Amino acid sequence: MKEDEVARQQRERMVKEQLSARDVTDERVLQAMLAVPRHLFVPRDVQHLAYADAPLPIGEKQTISQPYIVALMTQLLELKGDEKVLEVGTGSGYQAAILAHLARQVYTLERIPKLAQQARKVLRKLALQNVEVIEGDGSQGLPEHAPFDAIVVTAAAPRVPEPLKQQLAEGGRLVLPVGSRVGQILERWVRKGEDYEVERIAPVAFVPLVGTHGWKPDDAPASWWM
Ligand code: SAH
């Protein structure tokens, strides 16, 4: 069997056993998770684990989230196809690729240039035209492209960054982990005028959001997965 056929089968199994079997029901999200070759986004030495029910190291002390967490966060954004989306924390670029399948335009911000460059390379290889990787502090958002219909932060924030709340469109959804450097609660904020509806979804563990509205670099632990 060809390598990409094997990967396709692994993805079918991942979708069935890790996503549908839990609470991922959005058919478009399941299709995107089936379509995106996750193994291309992880380093060679962990490629055999690309479809496992776990986060994986991607270098620079950062991680790619467990597939279920990517799917859950994406589902919470309620994308229909015509949205402008901001992701904070490009990492491998995997979450951005999923978003690119589900929205009109995706901007993704990464503070570590090496990861941004690597993510750009994979996204280019997959010919995804509607996603732009930008280097910078995503805790400040991306005012030049605001407002966003959906914002997802894939790094742990001590509190919800004010600029991200401000850059959310009316009715827009902001999904992010909020808490300490070692454990957080996944939250969804929905904008209603100048107010926000807040839902607390599930306990999670993300690497820290480092920036003006996040943690200071010195505060960051070496890594939680080693
Ligand atoms: N979404 C990624 C995983 C993210 S890991 C994926 O699909 O692979 C968290 C990422 O957030 C790391 O790459 C880290 O460097 C980045 N990050 C942390 N603080 C940031 C900030 N203030 N702005 C942009 N990126 C940040």
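Everything discussed here concerns the structure shown above.
Note that this is a predicted model, so its numbers are computed, not measured.

Novice: Describe the overall build of the protein chain, and please don't skip the residues or the numbers.
Specialist: Counting its regular elements, the protein chain contains six helices and nine strands. By its C-alpha atoms, the protein chain is 55 × 40 × 30 Å across when sized along the principal axes. Scored against the burial criterion, the 226 residues of the protein chain give a buried share of 55%. For the protein chain, the share of sequence-separated contacts (at least 6 apart) that also reach a separation of at least 24 residues comes to 55%. Carbon and sulfur atoms make up 50% of the accessible area of the protein chain, which amounts to about 10,600 Å² in all. Across the protein chain, the mean location of the 28 positive side-chain charges is 4 Å away from that of the 30 negative side-chain charges.

Novice: I'd like a description of the sheet that holds strand β6 (residues 148-153), backed by residues and values.
Specialist: Read from one edge of the open sheet, seven strands run β5-β4-β3-β6-β7-β8-β9, paired in mixed fashion. The two strands at the open ends of the sheet, each matched to only one other strand, are β5 (131-135) and β9 (195-204). Across the sheet, the axes of successive neighbouring strands diverge by a mean angle of 15°, strand direction being ignored. For β6 and strand β7 (residues 168-179), the ladder comprises four bridges, and the chain directions are parallel. Looking at the pairing, Ala 150 lines up with Arg 173 of β7. Sheet contacts for helix α5 (residues 113-125): β4 (105-110) and β5; angle to β5, the most-contacted strand, approximately 165°.

Novice: Outline the pairing of strand β8 (residues 184-192), supporting the account with residue identities and numerical values.
Specialist: Judged by how many residues are buried, β8 sits mostly within the fold: seven of nine residues are covered. Direction of pairing for β7 relative to β8: antiparallel, over a ladder of seven bridges. From the neighbouring strand, Leu 176 faces β8, where its bridge partner is Glu 187. From the end of β7 to the start of β8, which pair antiparallel, there are four residues. By the bridge criterion, nine bridges tie β8 to β9 in an arrangement that is antiparallel. Counterpart to Arg 191 in the pairing with β9 is Tyr 196.

Reading the values: rules and limits
- Residues numbered from 1 in each chain as written.
- Predicted model: local features only at pLDDT ≥ 70, side-chain atom pairs only at ≥ 80, totals over all residues.
- Heavy atoms only, no water.
- Helix = DSSP H or I, 4+ residues; strand = E, 2+ residues; numbered from the N terminus.
- Buried < 20%, exposed > 50% of the residue type's maximum accessible area, 1.4 Å probe, protein only.
- Contact = heavy atoms within 4.5 Å.
- Areas by Shrake-Rupley, 256 points an atom, 1.4 Å probe, with all protein chains shown as cover.
- Lys, Arg positive; Asp, Glu negative; His and termini not counted.
- Charge placed at Lys NZ, Arg CZ, Asp CG, Glu CD.
- Pairing = 2+ DSSP bridges.
- Axes fitted to C-alpha atoms, helices over the stretch in contact; angles between N-to-C directions.

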